Amino acid sequence: MSTPPPDTPGPELRTGDATFDAYAEAMGSDGAPLLGHLVLYSVFDGQVTRDDLASWFAELDLDESLLPPPLRHTDAYERVTGPNGVKVSYPLDDPSAVGPASKYGRRRGRNEYVTTVTLMVRPVRRDGGQIVRHVVREVRDEERSNLEYDTRIAICTFDRDNSEGSAEGAGTLTVEENRSAIARLPEAEQATVRQMLAEVADSFRHRCTYLTSDRLRSVVRQYVENLNAIRVRSTGGVYFVHRQHAEVLGALRELVGRFGQGSHLVRVPLPDQEEMREMIITAFTTKAKDELDDLARDIAAAQRNGKAAEAQKLYQRFTTLQAATNEHSDLLSTSLDDTKAALQLVKIQLGGLLATATEEE
């Protein structure tokens, strides 16, 4: 069973439930005292191209400046053959039992160990024309405290397309088996090795064509946060968005519903009640305090290290946080005095760095 990604809320909210639908409809009516919405979303893999996404953004009148950049072949290669890319592990006595590396190699019983094989991709060479990586076979024998390696089961080569007019990062993947090395392996293991090599090629083609669930999840997260959303859950995945963005959230809900099967975005209407306001204000002030603490540390580090050139980037972070504080203060009808006081202290600190930058110019 796959593990839900970090931005995926826990249990799926069943929006088809009659009670919930009635509540959402009542709270969404014109006369309801609505504070805003809690936004939850889950995104799963599908077959969404970047062109599909651009077309849907235009159709739903979404901000096209928040579209992800075009897919690059070199990024697909790096991801598939990188540290978190394609890798398989299996016990030597049963190569068909592919699973996580940690699943094997433990003691099955007293004085009984499992000899584990792991197939992984390791970097070899990189230049302006090619990126070359080898598929390595690692055999771990815990009983003898021994590691053995076949360092070139296959070669994964990315040939850059440097021709005039080619897209940025364009290129092709070639997976070349080392037939003599594979032939020396037990027959059952040869099949597992070839399956792994096929997975490398298939994953590369998929990533060159379709946006992964991680990429799509990032698009949704960035769009929601661009609405000055307040993260209600520290690990992400649950946000508060003010009622003025209800129409945009409706468009995002339609967009996410077109992703992979099971993908959805839920808008939970939040009534304008004191308890709800306190929850949202607490979430915002906690987030703002953390960001201000980080900003203060970065300003102090820039002053200490004489990096006045970073002043403009730090100032941009300050103004973004200041604008969010002012907006939420108005929308939530609260003063947010503590956050504004902290902003003033950081502003003084930042002023000293900006003065140093001006003197250097």
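Here, every reference points to the structure presented above.
Residues numbered from 1 in each chain as written. Predicted model: local features only at pLDDT ≥ 70, side-chain atom pairs only at ≥ 80, totals over all residues. Heavy atoms only, no water.

1. Observations concerning the sheet that holds strand 3 (residues 116-126)
In spatial order, the strands read 2-3-4-5-6; together these five strands make up an open sheet with antiparallel pairing. Sheet topology places strand 2 (88-91) and strand 6 (171-177) at the edges, where each strand pairs with a single neighbour. Strand-to-strand, the axes of this sheet are offset by a mean angle of 30 degrees, without reference to chain direction. As paired elements, strand 2 and strand 3 share four bridges and run antiparallel to each other. When the bridges of strand 3 are listed, Ser-89 appears paired with Thr-118. (Pairing = 2+ DSSP bridges. Helix = DSSP H or I, 4+ residues; strand = E, 2+ residues; numbered from the N terminus. Axes fitted to C-alpha atoms, helices over the stretch in contact; angles between N-to-C directions.)

2. Brief notes about the sheet that holds strand 7 (residues 230-231)
Sheet strands line up and pair through hydrogen bonds in the backbone, either parallel or antiparallel. Pairing within the open sheet is antiparallel, and its four strands lie in the order 7-8-1-9. Since the sheet does not close on itself, it has two edges, and those belong to strand 7 and strand 9 (264-271), each with one partner.

3. Observations concerning the nonpolar core
The biggest cluster of nonpolar side chains holds 28 residues, and the ones touching the most others in it are Leu-53, Phe-57, Leu-255 and Phe-259. Every element with two or more residues in this core is listed here: strand 1 (34-42), helix 2 (50-59), helix 6 (213-226), strand 8 (238-242) and helix 7 (246-256). Not counting the four nearest positions on each side in its chain, Leu-53 is found in contact with Val-48, Leu-67, Pro-68, Leu-211, Leu-216, Val-219, Leu-255 and Phe-259. If you look at the next biggest cluster of nonpolar residues, it comprises 26 residues, including Val-86, Ile-131, Val-139 and Leu-197. (Core = buried A, V, L, I, M, F, W, Y, C linked by side-chain atoms within 4.5 Å. Buried < 20%, exposed > 50% of the residue type's maximum accessible area, 1.4 Å probe, protein only. Contact = heavy atoms within 4.5 Å.)

4. Some remarks on the packing of aromatic side chains
Summed over the entire model, instances satisfying the criterion amount to four aromatic pairs. For the ring pair Phe-57 and Tyr-223, a centre distance of 6.0 Å and an interplane angle of 65 degrees mean the geometry is edge-to-face. In this pair, Phe-57 is assigned in helix 2 and Tyr-223 in helix 6, connecting sequence segments 166 residues apart. In this pair, the class of Phe-57 matches that of Tyr-223, namely buried. Relative to Phe-204, the ring of Phe-158 has its centre 6.3 Å away and its plane inclined at 70 degrees; by these criteria the two rings are edge-to-face. Placement of the pair is Phe-158 in strand 5 (residues 146-160) and Phe-204 in helix 5 (residues 187-209), with a sequence separation of 46 residues. When its relative accessible area of 8% is taken as the criterion, Phe-204 is described as buried. An aromatic cluster of three or more residues is present, and its members are Tyr-77, Phe-158 and Phe-204. (Phe/Tyr/Trp six-rings, centres within 6.5 Å; stacked < 30°, edge-to-face > 60°.)

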